[in-house]
Structure formats: C-alpha cells, structure tokens
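Chains, contacts and geometry: an overview
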Amino acid sequence: MTRPKVLEAAVALLLFLSASVWGSAYWTRSFQAGREPRFYQEYFEPAVMFACGRGFLLAHPSVPAVRDFLDLKTDRLSCDEIPPSTGLSDYGLYQRTWLYLMLTVGAAWKLLGISWSGLSPLFGVLFGTTIVVAYGIFRVGLRRPVAIAC
C-alpha cells in the first residue's frame, strides 16, 4: 500500500472508531436520561423470534411478555418468557420489506441479549459506518481536512 492509501485508511479507521464510540454513548445516555428513541419497535416481533431461535415468524396468539417488550413497557426480554408451545407462522408477516434491518437487530440480540437499551453497540457501529461513508463521499471532491470536517 502506498503512503496516501495508508493515511486514508488510518483516517477512515479513526473516524469509524470515534464515531462508533460517540454513537454508542449517545444511545446509552438517551436511555439513562429517560428519552427512549422511537423507531417502530412494535414491528420487531420477527427479530425477537429470530434472536430466540424460532425463525423469522410471528406468534399466534401474541405472547404477553413479547407484546409488553414491543410496546416498550419493559426494556428486556428473555427467550424463556416465550412458551415452547407458542404457535408460530408467517401469517400477517409484512416485515420482510425490512428483512435486513430485522435480521441485523435479531443477530445483535442473539449476541447481546434482547434489550432496547442494549442495542448501543449496534447503533454505534451503524453510526460509525455512516460517518466513514460520508467521509468517503466528501473525499472524492474535497481535500482531506475539509472532508473530515464535513
């Protein structure tokens, strides 16, 4: 790798790391301050089922613990709160338009535990990625210091 490419990679990495920490901290502080971000959480049931190893499906009838979690009455949910006998199907499943979002959140929940406040690492990574992509776009037509500022 040539020196300019190494420098660009270092700048991009530094931007990614700092923006990821910033985004994650912002998400955590929002919950600590009692400001729960709203982003259609009531539609994330397939992500919950995916995180619990039940597939990208909906429960029929609805599970009260899952409904409370999706309605933001509780911040955390354990897979043990979903009875093994719960009927699952894809009937009424229209969230496939958000498939990648739901699977990403479901995968994060598999790793981190099912919790709205616990999504801070995912939001940090997404924020860091957005900042690096924006830097790359600005860098196409601008000098490095200006692109970093943008």
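Residues numbered from 1 in each chain as written. Predicted model: local features only at pLDDT ≥ 70, side-chain atom pairs only at ≥ 80, totals over all residues. Heavy atoms only, no water.

**A look at a nonpolar patch on the surface**
A cluster of nonpolar side chains, Tyr40, Trp98 and Leu101, forms an exposed patch at the surface whose accessible area comes to about 320 Å². Checked against the element boundaries, Tyr40 lands in the loop between α1 (3–32) and α2 (45–51). We classify Tyr40 as exposed; its relative accessible area is 54%. (Patch = residues over 30% accessible without salt bridge, like charges linked within 9 Å, V, L, I, M, F, W, Y side chains within 5 Å. Areas by Shrake-Rupley, 256 points an atom, 1.4 Å probe, with all protein chains shown as cover. Salt bridge = Lys/Arg side-chain N within 4 Å of Asp/Glu carboxyl O. Helix = DSSP H or I, 4+ residues; strand = E, 2+ residues; numbered from the N terminus. Buried < 20%, exposed > 50% of the residue type's maximum accessible area, 1.4 Å probe, protein only.)

**Topic: the pattern of salt bridges**
Side chains that carry opposite charge are capable of pairing whenever their charged atoms lie near each other. Tallied over the full model, the rule gives 4 salt bridges. Measuring nitrogen to oxygen at the nearest pair gives 2.7 Å for the salt bridge that ties Glu8 to Arg139. Of this pair, Glu8 sits in helix α1 while Arg139 sits in helix α5 (residues 120–141), and the two are 131 residues apart along the sequence. In this structure, the salt-bridge partner of Glu8 is Arg144, at a minimum N-O distance of 2.7 Å. Of this pair, Glu8 sits in helix α1 while Arg144 sits in helix α6 (residues 144–149), and the two are 136 residues apart along the sequence. We note that Glu8, like Arg144, is buried. Connected through salt bridges with shared partners, the residues Glu8, Arg139 and Arg144 form a single ionic network.

**With respect to the packing of aromatic side chains**
Each aromatic ring pair is specified by the distance between its two centres and by the angle formed by the two planes. If you walk through the whole model with that rule in mind, you get 13 aromatic pairs. Judged by centre distance (5.6 Å) and plane angle (65°), the ring pair of Phe69 and Trp109 falls under edge-to-face. A residue pair is termed long-range when its members are at least 10 positions apart, and Phe69 in helix α3 (residues 64–70) and Trp109 in helix α4 (residues 99–112) qualify at 40 residues. The two residues Phe69 and Trp109 agree in class, both being buried. (Phe/Tyr/Trp six-rings, centres within 6.5 Å; stacked < 30°, edge-to-face > 60°.)

**Observations concerning the nonpolar core**
Membership of the largest hydrophobic core comes to 28 residues, with the highest contact counts inside it found for Val48, Trp109 and Trp116. Residue assignment for this core shows that the elements contributing at least two residues are α1, α2, β1 (58–59), α3 and α4. Beyond its immediate chain neighbours, meaning those up to four positions away, Val48 contacts Val66, Phe69, Leu70, Leu77, Ile82, Trp109 and Ile114. (Core = buried A, V, L, I, M, F, W, Y, C linked by side-chain atoms within 4.5 Å. Contact = heavy atoms within 4.5 Å.)

**Remarks on unusual backbone geometry**
The omega torsion of the bond from His60 to Pro61 falls at 0°, within 30 degrees of zero and hence cis. You can see Pro61 is positioned in the loop between β1 and α3. Phi at Tyr40 takes a positive value of approximately 60°, unusual for a residue other than glycine. A positive phi is found at Leu72, a non-glycine position, where the angle reads about 65°. For Leu72, the position within the fold is in the loop between α3 and β2 (76–77).

**Points about α1**
For α1, which comprises 30 residues, the first-to-last C-alpha distance of 43 Å matches the rise-based estimate of 44 Å (1.5 Å per residue) to within 8%. Within α1 the residues assigned to the buried category are Glu8, Val11, Ala12, Leu15, Ala19, Ser20, Gly23, Ser24, Trp27, Ser30 and Phe31. Next to the buried residues of α1 lie α5 and α6. Gly34 sits one or two positions beyond α1 and adopts a positive phi of about 85°. (Expected span 1.5 Å × (residues − 1).)

**Observations regarding the packing of α1 against α5**
It is the contact of α1 with α5, at a shortest axis distance of 7 Å, that shows an interaxial angle of 140°. Taken together, the axes of α1 and α5 lie oblique to each other. Crossing angle aside, the handedness with which α1 passes α5 is right-handed. Where α1 abuts α5, its residues Glu8, Val11, Ala12, Leu15, Phe16, Ala19, Ser20, Trp22, Gly23, Ser24, Trp27 and Thr28 lie against Ser120, Pro121, Phe123, Gly124, Val125, Phe127, Gly128, Thr129, Ile131, Val132, Tyr135 and Arg139. Looking at the contact of α1 with α5 residue by residue, the classes come out as 14 nonpolar, 8 polar and 2 charged. (Axes fitted to C-alpha atoms, helices over the stretch in contact; angles between N-to-C directions. Parallel < 35°, antiparallel > 145°, perpendicular 65-115°, else oblique. Left-handed = near helix turned anticlockwise from the far one by under 90°. Nonpolar A, V, L, I, M, F, W, Y, C, P; charged D, E, K, R; others polar.)

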